[in-house]
Amino acid sequence: MEAQPRTQQIVSTVLAVLLWLVSFGLGLNAMYLLLQIFYLVFGALGGSLNRAERFGPGLIFLLGLAFLIFIVATSEYHRKHVGTQKSWRLFAWTIGVEIGITILYYLL
């Protein structure tokens, strides 16, 4: 009787780690795509690409800082709510937003 809950906990942990890796990879990709969207919008509003690229390092710094804070905050949240529906819902929202940014990039 004790083996099934332990097995379920191991599967849940492995799935959480895999989802975290997926969300981390998608998050890095989203940072790049947000920079590209910025360049696109800046150019569409009449700015030059040369001028837009001057904002690039600062934007990447801010996006990286925001992503780092997000990773630390969600890691703490998952640690406190491991295996609960709240934890899985946060994974779903995170991955959904990151995929949404990717879709937005390809639509523009």
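Scope of this entry: the structure provided in the associated data block. What you see is a predicted model, and the numbers here were worked out from it, not measured in a lab.

1. Remarks on the layout of surface pockets
Here the largest pocket is characterised by a volume of approximately 250 Å³. Around the largest pocket sit 14 residues that line it, and F67, F70, V97, E98 and I101 are the ones nearest its centre. Per element, the largest residue contribution to the lining of the largest pocket is 6 residues, and it comes from helix α3 (residues 85-107). For the lining of the largest pocket, the class distribution of residues is 11 nonpolar, 2 polar and 1 charged. Lining the second largest pocket, in full, are T13, A16, V17, W20, S75, H78, R79, V82, G83, S87, W88 and F91. For the lining of the second largest pocket, the secondary structure elements donating two or more residues are α1 (3-44), α2 (49-80) and α3.

2. Quick look at the side chain of H78
As for its position among the elements, H78 is in helix α2. The exposure class of H78 is buried, given its relative accessible area of 11%. Every residue in contact with H78, bar those within four places of it in the chain, is listed here: S87, L90 and F91.

3. A closer look at empty space enclosed by the protein
Across all of its chains, the model carries 1 cavity of 30 Å³ or more by this definition. Of the pockets and cavities examined, the largest cavity occupies roughly 60 Å³. Around the largest cavity sit W20, S23, F70, I71, T74, H78, L90, F91 and T94, which together line it. Of all elements in the fold, only α1, α2 and α3 reach the threshold of two or more residues within the lining of the largest cavity. Top element by residues in the lining of the largest cavity is α2. It accounts for 4 residues. Taken together, the residues of the lining of the largest cavity sort by class into 5 nonpolar, 4 polar and no charged.

Thresholds, definitions, all that
- Residues numbered from 1 in each chain as written.
- Predicted model: local features only at pLDDT ≥ 70, side-chain atom pairs only at ≥ 80, totals over all residues.
- Heavy atoms only, no water.
- 1 Å grid on protein atoms, 1.4 Å probe; cavity = no way out; pocket = protein on both sides within 12 Å on 5 of 7 lines; lining within 4 Å.
- Points joined across faces, edges and corners; volume = space filled by probe spheres on them.
- Helix = DSSP H or I, 4+ residues; strand = E, 2+ residues; numbered from the N terminus.
- Nonpolar A, V, L, I, M, F, W, Y, C, P; charged D, E, K, R; others polar.
- Buried < 20%, exposed > 50% of the residue type's maximum accessible area, 1.4 Å probe, protein only.
- Contact = heavy atoms within 4.5 Å.

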